[in-house]
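A closer look at the structure
What follows is each chain in one-letter form.
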Amino acid sequence: METRTAELAAKDDDFFAGVITRFDGQRVTRLEMLQFIKEHELTHRSQMFLYLRLKGIVPATTRRRQAAQKSA
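Computed from a predicted structure; not experimentally measured.

**Some thoughts on a nonpolar patch on the surface**
A surface patch of nonpolar side chains, amounting to about 230 Å² of accessible area, comprises L8, L31 and L34. Of the residues examined, L31 reaches a relative accessible area of 41% and is grouped as partly exposed.

**Quick word on the packing of aromatic side chains**
To describe a pair of aromatic rings, you give the distance between the ring centres and the angle between the ring planes. Scanning the entire structure with this criterion turns up two aromatic pairs. On the numbers, 5.2 Å between centres and 85° between planes, the contact of F15 with F16 is edge-to-face. Judged by its relative accessible area of 18%, F16 falls in the buried class. The interplanar angle of 45° and the centroid separation of 6.1 Å between the aromatic rings of F23 and F36 together place this pair among those described as tilted.

**A word on the confidence of the model for the protein chain**
Here the protein chain averages 93 in pLDDT, while 100% of its residues score no lower than 70. Taken element by element, the predicted model of the protein chain shows its lowest mean pLDDT in helix α4 (residues 60-71) (88) and its highest in strand β2 (residues 27-29) (98).

Rules behind the numbers
Residues numbered from 1 in each chain as written. Predicted model: local features only at pLDDT ≥ 70, side-chain atom pairs only at ≥ 80, totals over all residues. Heavy atoms only, no water. Patch = residues over 30% accessible without salt bridge, like charges linked within 9 Å, V, L, I, M, F, W, Y side chains within 5 Å. Areas by Shrake-Rupley, 256 points an atom, 1.4 Å probe, with all protein chains shown as cover. Salt bridge = Lys/Arg side-chain N within 4 Å of Asp/Glu carboxyl O. Buried < 20%, exposed > 50% of the residue type's maximum accessible area, 1.4 Å probe, protein only. Phe/Tyr/Trp six-rings, centres within 6.5 Å; stacked < 30°, edge-to-face > 60°. pLDDT = per-residue confidence, 0-100. Helix = DSSP H or I, 4+ residues; strand = E, 2+ residues; numbered from the N terminus.

The following block contains the structure:
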């Protein structure tokens, strides 16, 4: 993940402005596609957290945040 992040950070603005074809045939810029993927992953993550909470399980990220608040 860190390697890919560094590679993307090194790209110039023209790279992200380049137009590509999405899997559904829609033409979008690379930046739009990157934002779409990020938002898509966040949607699934929030669904997973909701299901965990419905089962009475506190997600790990929430437990870490709560522990940090107690120690501060």
